[in-house]
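Residues per chain are reported as follows:
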Amino acid sequence: MKLSFLNYTWKINFIPFIVFIAVLVLLLRLGFWQLDRAEVKRAHMIAQQEKMLLPPVALIPLLAAGGDWRYKKVQLRGHYDIAHQFLVDNQTINGKLGGFVLTPFVLTGNNKLVLVNRGWVAMSKDRQKLPDIDFKPPSGELVLSGMLNHFPGVGLVLAGADEPSDSWPSVVQIINDVKIAKKLNQPIFDFQVQLLPDQPDGYARDWQINTRMPPEKHIAYAVQWFALAVTLTLLILWISCKKYKDE
């Protein structure tokens, strides 16, 4: 099959041409799929940011109402259990190694504990030298505000990463709510409350919306797929033109 266009003539074999069209369509579909994912992710992040702007509400009624609770602000009443704190290890911020301080919070009128993330602290490479996270909160019932979120995670999960150390504060890499509840000998909620930056008794806190792949990365992948489609098209045209010229 011969194709003439702009004073150029290409000789095209039928089967390779069908394969080229199929691959081209696949690359274009992947590019548009990534663009669609970027829009979905962007809308999701906007919705999450809007939730972060809402005023704090009581925790238990919020959970009873159901729905997506992540990034919603809550108000807690009770007191800290400062004798049994956790350091979530291997948390890097701005290239510095550290960990999050999670302190159990005893809710008034509820037998479940809430792990309050009081922020990030720098840690020594020598794990025998732990940071001093002891503090003395005011006596009596406390009222604090925080934001609901999943427990902190790490990129690579190793065997035994969810095993808390024996001493206090207990060092752990991954929060396993079952194992943490067993160590505390008391049930806990399967989420953390990130202490808001304006609340006392906290460390470095700059809470952000976490997503495995931001919209910008989806767009970058889309550009790559479209670039491959253009490159493939130009390559096929060049090969076809060169082959016909040689013949």
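Scroll up for the structure.
Residues numbered from 1 in each chain as written. Predicted model: local features only at pLDDT ≥ 70, side-chain atom pairs only at ≥ 80, totals over all residues. Heavy atoms only, no water.

Asker: Explain the packing of aromatic side chains residue by residue, including any values.
Answerer: Taken as a whole and judged by the stated rule, the model has seven aromatic pairs. Geometrically, the ring pair formed by F32 and F226 is edge-to-face, given 5.1 Å between the ring centres and 70° between the ring planes. One end of the pair, F32, is in helix α1 (residues 14-52); the other, F226, is in helix α4 (residues 215-246), and 194 residues separate them in sequence. In textbook terms, an aromatic cluster arises when at least three aromatic residues are bridged by ring pairs, as seen for W69, F189 and F191. In this structure, R118 packs its charged tip against the face of F135, placed 3.9 Å from the ring centre. Taking NZ or CZ as reference, K183 lies 4.5 Å from the ring centre of W168, over its face. (Phe/Tyr/Trp six-rings, centres within 6.5 Å; stacked < 30°, edge-to-face > 60°. Helix = DSSP H or I, 4+ residues; strand = E, 2+ residues; numbered from the N terminus. Lys NZ or Arg CZ within 6 Å of the ring centre and 35° of its normal.)

Asker: Describe the environment of G98, and please don't skip the residues or the numbers.
Answerer: The topology assignment puts G98 in strand β6 (residues 96-107). Overall, the relative accessible area of 0% leaves G98 in the buried class. Through-space distance from the C-alpha of G98 to that of S124 is 7.6 Å; in sequence the pair is 26 residues apart. G98 has contacts with V88, D89, N90, Q91, W120, V121, A122 and M123, leaving out every residue within four places of it along the chain. (Buried < 20%, exposed > 50% of the residue type's maximum accessible area, 1.4 Å probe, protein only. Contact = heavy atoms within 4.5 Å.)

Asker: Report on the pairing of strand β7 (residues 113-122), specifying residues and quantitative values.
Answerer: Counting buried positions along β7 yields nine of ten residues, so the element is predominantly enclosed. Examined bridge by bridge, β6 and β7 share eight bridges and lie antiparallel to one another. Within β7, the position partnered with G99 by the bridge is V121. If you look at the hairpin formed by β6 and β7, you'll find five residues sitting between the two strands, and G109 has a positive phi there, around 80°. The pairing of β7 with strand β10 (residues 188-195) spans four bridges and is classified as parallel. Residue pairing for β10: N117 is matched across the bridge by Q194. (Pairing = 2+ DSSP bridges.)

This is a description of form; function is not addressed.
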